[in-house]
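The residues making up each chain are set out below.
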Amino acid sequence: MILIGQYDSPFVRRVAVALRLYGFDYEHRPWSVFGDAERIAAHNPLRRVPTLIADDGEALFESGAILDGLDELAGRERALIAASGPERRHALKTIALATGLADKAVSLVYERVIHERGTAMWVERCRAQIAGVLQALEADRATRGPWWFGERIGHADVAVACVLRFVSEALPEVYAAADWPALAAHAAACEARPEFEAVVQPFHVTPPAS
C-alpha cells in the first residue's frame, strides 16, 4: 500500500497510525496538496489527501472511507471500532466531532495564511464551533476509562489525538491544553505510543505561489 500526504495533516496521520496499529506495511509519499497537486491528481481527481493506493492498485479517498477499508482487511476481531450497536454509533459521533473540529481549524488556517485575511464573523463562528466541540469531547472523555471505548485503543482515540496535536500547533490561541485536562491526558497517552511517535511532522503550511 502507498499512503499519500504529509503527517502534519490530522487526516493523513490518523490513517498512518491505523496502518501501524494494524501492522500493515506501506510506502509513504509525503506529497503536498499545494506543491504536488499534479502528482496527487494522477491518483485522486480531488487532489486531496489522504489518498491510499491499495495493493491491487485501487486508490481510496477520505480518511473515514480509507479506515473502513482497512478495518475490513484487518478483520472484525481486530477492527478499531465496534461492528454495530450503541458503541459503534457513539464512536462514529466522537470521530465526527474530532474531524469536524479539524475542518474548522483548517478553515481558520486558510483564512489567515492562504487568503491573508481574517473575516471577523467567520473567524468567530469557527472559534465558537471549535470551543463547543472541545467542551463536548472533554466532558465525554472525563467519564471514560483507559481508552474512549474500553481497554483497547480505537479509531475515536486516534482521531481525537491527531486533531488535538494539529490544533495545538496550528492554532495555539484556540487550544490551551491546561484548559482541557481530560483531553490533554488522552493526547499525551496516545502520543507516547510508538505508532504515533513514528508519524510526527510539525505543522507548517506553505502558501501556493501567486
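Data block above holds the structure.
The rules behind these values
- Residues numbered from 1 in each chain as written.
- Predicted model: local features only at pLDDT ≥ 70, side-chain atom pairs only at ≥ 80, totals over all residues.
- Heavy atoms only, no water.
- Helix = DSSP H or I, 4+ residues; strand = E, 2+ residues; numbered from the N terminus.
- Rg over C-alpha atoms; globule rule 2.2 N^0.38 Å.
- Buried < 20%, exposed > 50% of the residue type's maximum accessible area, 1.4 Å probe, protein only.
- Contact = heavy atoms within 4.5 Å.
- Areas by Shrake-Rupley, 256 points an atom, 1.4 Å probe, with all protein chains shown as cover.
- Lys, Arg positive; Asp, Glu negative; His and termini not counted.
- Charge placed at Lys NZ, Arg CZ, Asp CG, Glu CD.
- Pairing = 2+ DSSP bridges.
- Axes fitted to C-alpha atoms, helices over the stretch in contact; angles between N-to-C directions.
- Phe/Tyr/Trp six-rings, centres within 6.5 Å; stacked < 30°, edge-to-face > 60°.
- Core = buried A, V, L, I, M, F, W, Y, C linked by side-chain atoms within 4.5 Å.
- Polar contact = N/O pair within 3.5 Å; in protein donor to acceptor, adjacent residues only side chain to side chain.
- Parallel < 35°, antiparallel > 145°, perpendicular 65-115°, else oblique.
- Nonpolar A, V, L, I, M, F, W, Y, C, P; charged D, E, K, R; others polar.
- Expected span 1.5 Å × (residues − 1).
- Arc of directions from axis to C-beta.

A.B. asks: Is there a simple way to think about the overall build of the protein chain in this case?
C.D. replies: When its secondary structure is counted, the protein chain shows 8 helices and 4 strands. Counted from the first residue to the last, the protein chain has its helices and strands arranged as β-α-β-α-β-β-α-α-α-α-α-α. In terms of overall size, the protein chain behaves like a compact globule, its C-alpha atoms giving a radius of gyration of 17 Å where 210 residues would be expected to give roughly 17 Å. Based on the C-alpha atoms only, the size of the protein chain along its principal axes is roughly 50 × 45 × 30 Å. Classification of the 210 residues of the protein chain by burial places 47% in the buried group. Within the protein chain, contacts between residues separated by at least 24 positions form 66% of all contacts whose residues are at least 6 apart in sequence. Surface exposure of the protein chain reaches about 10400 Å², of which carbon and sulfur atoms provide 54%. Computed over 22 positive and 28 negative side-chain charges, the inter-centroid distance for the protein chain is 3 Å.

A.B. asks: What am I meant to see in the sheet that holds strand 2 (residues 27-29) here?
C.D. replies: Strand pairing within a sheet occurs via backbone hydrogen bonds; the two strands may be parallel or antiparallel. Across the sheet, which stays open at both edges, the 4 strands sit in the order 2-1-3-4 with mixed pairing between neighbours. If you trace the sheet from one side to the other, it starts and ends with strand 2 and strand 4 (59-61), each paired once. Geometrically, the sheet is characterised by an average inter-axis angle of 20° between neighbouring strands, direction not taken into account. Sheet analysis places strand 3 (residues 51-53) next to strand 4, joined by 3 bridges and oriented antiparallel. Bridging from a neighbouring strand, T51 pairs with F61 of strand 4. Packed on one face of the sheet, helix 1 (residues 10-22) meets strand 1 (2-4) and strand 3 and runs near 160° to strand 1. Packed on one face of the sheet, helix 3 (residues 63-74) meets strand 3 and strand 4 and runs near 125° to strand 4.

A.B. asks: What's the story with the packing of aromatic side chains in this structure? I'm lost.
C.D. replies: What characterises a pair of aromatic rings is the spacing of the ring centres plus the angle enclosed by the ring planes. Applying the stated criterion across every chain yields a total of 3 aromatic pairs. Ring geometry for F34 and Y110: centres 6.2 Å apart, planes at 45°, overall tilted. Linking F34 in the loop between strand 2 and helix 2 (37-41) with Y110 in helix 4 (residues 85-114), this pair joins segments that are 76 residues apart in sequence. For F34, a relative accessible area of 31% corresponds to the partly exposed category. For Y110, a relative accessible area of 32% corresponds to the partly exposed category. Both rings, one in F166 and one in F203, keep their centres 5.3 Å apart while their planes meet at 85°; by these two values the pair is edge-to-face.

A.B. asks: Explain the nonpolar core to me, please; I cannot follow it from the model alone.
C.D. replies: Across soluble globular proteins, you tend to see nonpolar side chains buried next to one another. Core analysis: the biggest nonpolar cluster contains 34 residues, and L3, L19, Y26, L70 and F196 have the highest contact counts within it. Among the secondary structure elements, those contributing two or more residues to this core are strand 1, helix 1, strand 3, helix 3 and helix 6 (155-170).

A.B. asks: Whenever I open this one, the side chain of E195 confuses me. Can you help?
C.D. replies: Tracing the chain through its elements places E195 in helix 8 (residues 194-197). At a separation of 3.2 Å, a polar atom in the side chain of E195 contacts the side chain of R193. Setting aside its immediate chain neighbours within four residues, E195 contacts V17, R20 and L21.

A.B. asks: Would you mind going over the packing of helix 5 (residues 120-141) against helix 7 (residues 181-191) with me for this structure?
C.D. replies: A pair of packed helices is characterised by two quantities: the angle between their axes and the separation of those axes. As a packed pair, helix 5 and helix 7 sit with axes 8 Å apart at the nearest point and diverge in direction by 75°. The orientation of helix 5 relative to helix 7 falls into the category roughly perpendicular. Contact residues: helix 5 offers L134, L137, E138 and R141, while helix 7 offers P181, A182, L183 and H186. Of the residues assigned to the contact of helix 5 with helix 7, the class counts are 5 nonpolar, 1 polar and 2 charged.

A.B. asks: Would you explain helix 5 in this entry?
C.D. replies: Because the α-helix completes a turn every 3.6 residues, residues three or four places apart line up on one side. When the terminal C-alpha atoms of helix 5 are compared, their 31 Å separation across 22 residues agrees well with the 32 Å that a helix rising 1.5 Å per residue should span. Every buried residue of helix 5 is accounted for by V123, C126, I130, V133, L134, L137, E138, D140 and R141. Taken end-on, helix 5 shows its buried residues confined to a sector of 160°, consistent with a single buried face. Turned more than 90 degrees away from the buried face of helix 5, the exposed residues are A120, M121, E124 and R125.

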